[in-house]
Each structure stands twice: as C-alpha cells, then as structure tokens.
Amino acid sequence: MDINNIKPLIDPSRPKVYIETYGCQMNVNDSEVILSILQKEGYVLTEDMDQANIILANTCSIRENAEQRIWGRIDQFRLQKKKRQDVIIGIVGCMAERLKDKLLDGHQVDIVAGPDSYRSLPQLIRDVTPDSPQINVLLSHEETYADISPVRMDKNGISAFISIMRGCNNVCSYCVVPYTRGAERSRDPKTILREAQELYSNGYKEITLLGQNVDSYLWKAEEGEEASVNFAQLLEMVAKISPELRVRFSTSHPKDISDEVIYTMAAYPNICKHIHLPVQSGSSSMLEKMRRKYDREWYLERVAKIRSVIPDCGITTDVIAGFCGETLEDHADTLSLMEEVVFDSAFMFAYSERPGTLASRKYPDDIPYEEKTRRLNEIIALQGRMSLKSNERDLGKEFEVLVEGPSKKNPDELCGRASNNKMCVFPSHGEKPGDYTHVKVESVTSATLICSNLG
Ligand code: 5AD
Ligand code: SF4
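Keep in mind that what you see is a predicted model, and the values were worked out from it rather than measured.

So, how was this worked out
- Residues numbered from 1 in each chain as written.
- Chains lettered and ligands numbered in written order.
- Predicted model: local features only at pLDDT ≥ 70, side-chain atom pairs only at ≥ 80, totals over all residues.
- Heavy atoms only, no water.
- Helix = DSSP H or I, 4+ residues; strand = E, 2+ residues; numbered from the N terminus.
- Rg over C-alpha atoms; globule rule 2.2 N^0.38 Å.
- Buried < 20%, exposed > 50% of the residue type's maximum accessible area, 1.4 Å probe, protein only.
- Domains from an automatic or database assignment.
- Salt bridge = Lys/Arg side-chain N within 4 Å of Asp/Glu carboxyl O.
- Near = heavy atom within 4 Å.
- Nonpolar A, V, L, I, M, F, W, Y, C, P; charged D, E, K, R; others polar.
- Contact = heavy atoms within 4.5 Å.
- Core = buried A, V, L, I, M, F, W, Y, C linked by side-chain atoms within 4.5 Å.
- Pairing = 2+ DSSP bridges.

**Student:** Got a minute to help me understand the overall build of the protein chain in this structure?
**Tutor:** Within the protein chain, the regular secondary structure consists of 13 helices and 21 strands. For 455 residues, the compact-globule estimate of 2.2 N^0.38 gives 23 Å, and the protein chain sits close to it at 22 Å. If one aligns the C-alpha atoms of the protein chain with their principal axes, the spans along those axes are about 60 × 55 × 55 Å. Classification of the 455 residues of the protein chain by burial places 56% in the buried group.

**Student:** How do you make sense of the domain arrangement of the protein chain when you look at a structure like this?
**Tutor:** In many analyses, interface size is given as the accessible surface area lost on bringing the parts together. Here the protein chain is partitioned into domain 1 (16-136), domain 2 (156-272), domain 3 (305-393) and domain 4 (398-453). Domain 1 and domain 4 are separated by 37 Å when their C-alpha centres are compared.

**Student:** Where do I start with the pattern of salt bridges in this structure?
**Tutor:** A pair can form between side chains of opposite charge whenever their charged atoms are brought close. The tally for this structure, following the rule as stated, stands at 32 salt bridges. As a salt-bridge pair, R246 and E206 come within 3.2 Å of each other at their nearest N and O atoms. Taken as a pair, R246 in strand β13 (residues 246-250) and E206 in strand β10 (residues 206-210) lie far apart in primary sequence, 40 residues in all. Neither residue differs from the other here; R246 and E206 are each classed as buried. Residues joined in a network through salt bridges with shared partners are D30, D116, R166, R181 and R185.

**Student:** Just checking my understanding: could you explain the site of ligand 1 for this structure?
**Tutor:** If you check the shell around ligand 1, you find I62, R63, Y174, Q280, D318, I320, F349, A350, Y351, S352 and R354 and nothing else. Counting residues per element, the ones that place at least two in the shell around ligand 1 are β15 (314-321) and β16 (345-350). Its residues placed into classes, the shell around ligand 1 shows 6 nonpolar, 2 polar and 3 charged.

**Student:** Explanation requested: the side chain of T448 in the structure shown.
**Tutor:** Summarising the element assignment, T448 is placed in strand β21 (residues 448-453). The class of T448 is buried, set by a relative accessible area of 17%. Other than its neighbours up to four places away in sequence, T448 contacts N391, M423, V425 and S443.

**Student:** It is not clear to me how the nonpolar core should be interpreted in this structure. Could you clarify?
**Tutor:** Nonpolar side chains tend toward joint burial in soluble globular proteins. L209, F231 and F249 are the most contacted members of the largest nonpolar core, which totals 70 residues. Sorting elements by how many residues they give to this core places helix α7 (residues 231-239) first, with 6 residues. Built from parts of two domains, this core gets at least three residues from each of domain 2 (156-272) and domain 3 (305-393). Beyond its immediate chain neighbours, meaning those up to four positions away, L209 contacts I162, I164, I192, V214, F231, L234, L235, V238, V247, R248, F249 and S250.

**Student:** Got a minute to help me understand the pairing of strand β19 (residues 423-427) in this structure?
**Tutor:** Strand residues, when the strand is regular, have side chains that alternate between the two faces of the sheet. Counting buried residues along β19, 4 of its 5 residues qualify, which places the element largely inside the surrounding structure. Relative to β19, strand β18 (residues 413-418) runs antiparallel, the two sharing 5 bridges. Residue pairing across strands places E413 opposite P427, the latter belonging to β19. Hairpin connection, β18 to β19: the antiparallel pair is bridged by 4 residues, and N421 has positive phi, about 80 degrees. Pairing geometry for β19 and β21, over 3 bridges, is parallel.

The following block contains the structure:
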C-alpha cells in the first residue's frame, strides 16, 4: 500500500482525468480506487471537464431513472468530443456492467469497464483508438482492490469510506446489484486495518466500513493465520485503532445483523450508534416476494433487540413503494411499521423494474405509476412526521459531535453529526473541522438538531 497517496496529486503538466460519481457510497469509494490506479499512470484529477483528457462516469443501475440521468450526461460528454476529438469518454461501474457493449452501439463512448476491471483501465486507455473502443466487464470472485490505497476525493479530510467487501449473494427479487457487482467476497482484514490506520495518521477522524451486506463479512483464515474474522470482530479491531477515531458502517441486513454486532457496538464508545437497516416493506407477504428472507415480526424483533442493548441507537431505513402486486393492505402495513419503529430518516423509492432480475421475470410490474407515486408520497409525508418525532425525543439531550465545518444555512455556525448520525447545528467556539465538541439540543426540525455548544 502506498502510504503517501492519500490526496489527489496536483501537477498541471500531467494528463487530466475528470470523474463523475453516481449511486451509492461504494461507488464513491470505487472512484477513489480508480483515481489511485490512474495517478500511478501519471494522470491527475481535474474538476473541470473542459480540461480533461479523460472523462469518466462511475455509474449506477439501481433504478431506471439513475440510468436515464447518465444517458443525459453521455450526451453532454459527447459535446466535448465535438470540441476536442482526442478526449476519451469512459463509462464505468454498474451501468457499464449491465449494458456492456450496448453502450458502444453507435460509438457513444470509448471505454466500458465494469466494477471488477478497474485495474485494466490504464491498458484500456492505451489501446483505445477512434475506431476501436475498449471494453472489460469481467466479474471476479477475488477482486477486492485490497492492495490499492484509494486517493481521497472528499473535501473535508475528516470522514472516509473503506470498502470491506464487494458484491452481493442475496438475490432480492427487485435488485440488480448481484448482476452488476457479482458474487460476494470479503477483503483481507489486515489491509482494512492498515487503510484505517493510514487514514487516522493522516488526520481522518471518522471512517465508514462499506459493504452491500456488512453482516455477512467473513474472512476465512488462511494457512498461518490464527482464526477467521467476522464483522463484529472486524468492527472491534477497527475501533481499537484509537478512541479518537469514530467508526461507522453500512449497510446492515435485517436477516443477518447479529447480537454479537449489537453488543460490540455497545461496548465501544467510538463505534457510532447508528444502524442503517433497510426494511423495504412492512408486509410479510411482500417481503417474501422480495426474497428478503425475514418477515415483519423478525424485523421488529431486531429493532427491539437493538434498542434494548443500545437505547439511543439511531435507526434509518430504505422503503420501496408499489412493488409487484402490492395491495392497499400491504401498503398500510408499511405505514404502520414506520409508525411503530419511528425511523430517524429513510430513503424512499417507487419500485422500478430492472431487466434481468427475478421480479422482472416472475411478477408483473402492475401498480400504475400514479398509484406508486401516491403511495410513495404518503410514505414520504409520514417519514417527515416520524423524523420530527424522533428529533423531538432528543430535545434537551447532550451529544458529542464531530465538527464537519460551517453550517450550510448559516456560515457563522458549525455543523457536525452526533453518534446517532443526526445532523447538529451549533454556534462556533472556534472549533475546527475534525474537532470534537459537546452540544445540547435546544430545538429541532425534521432534518436538524439545533443545539447550544457546551464545548
Ligand atoms: N426499485 C426501487 N428501489 C430499489 N432499491 C433497490 N432496487 C430497487 C428497485 N428495483 C432500493 C432499495 C435498496 C436501495 C439501495 O435501493 O430500497 O435498499
Ligand atoms: Fe451502488 Fe447498486 Fe447503484 Fe451499483 S447499482 S452503484 S451497487 S446502488
């Protein structure tokens, strides 16, 4: 691992790469891996597309509108070609994997590279000519980019992502991810710890361990190693780096989150008390059709367990409205579950049929667009009330906050997150980004805790 490779290089004489990132946090981290690979080849990052020799879009396929947005961007990129024919356009990531050579029809772009082929990007770039676009969409059972130290593109130098695994072995019937990111594989914990340590040495104060399903992280002992490492153990190892380094993780799967993980969270003050636990639906029959492998009761039991061990734990979720065959009763079950749990916040989506998934093959996408939207709006409105309710429960509480920087609305104030992941805004006492301070919640909105600064 290259320890000094943490920040983007600045050298105007070198060729420049411009990278746009769409989709999940995994993709954000993958773009940092791509930059690391390209920097070794002499490229530097530019934020100005007009300056770029290579334009890359790291793409998402999760819903149709994510892909539509990217098609729109490809049109924009092609306008650059009109100005400068030698500029190379590459589509990488999930949409590259899903659409493969369809992206090359009509020579829309020059390079197509799937999530497991980023090491080949330098070669693809070398081989590309105006008449021969290049493609590599091979998926791997081993690739974790474990030895590559991502070049951090975040602006604040305080929070960073570390991928601990890639791919997904759950075949939720609506989801394209297993097809775009391949089979699940866990990354060697030694390389994860080294990366976390390196970030901490470079002044980072918060890391988020990323995986499609972190609870199924498992590093099987190799010859000469002492034992296997599961997610709870990995979490503990990272937490032990320093009490000053906060640890977060995402995403947990309700079927897999173990008591061991919950107890490990409780045991370490620097493991943030927040779990993103996507429920998707409150109806057991929908959950079965979605192949989530848990039912409503199981989900509620996991929430009860989390809250009995960690009473102040933040819990957030994802919800899908209007999945195939969803009745009004199923929809009402989702609303009632949301009211019962009182999630702090939620990502909420209308179901979008993805080609190749089990649902697209087996179940008609039969809820009309207007009805899906109506249900989604109902879910969003309810969550607004629940977020407010959850925040009101924090009135008068005191939290330790990691200062991120000036508040967006009022630059004279600071903002930062409490352990439970809620955004706090508070007056500055001269703290800098990366400092810890204590705050007291004085008033709330559905999105923010407005606090006094206790220092
Ligand atoms: N349609 C709508 N939402 C989806 N998600 C995943 N696939 C789909 C789809 N086909 C949502 C799920 C998941 C989140 C990342 O995206 O809620 O948890
Ligand atoms: Fe991330 Fe899934 Fe989108 Fe791929 S399809 S970028 S894994 S959210």
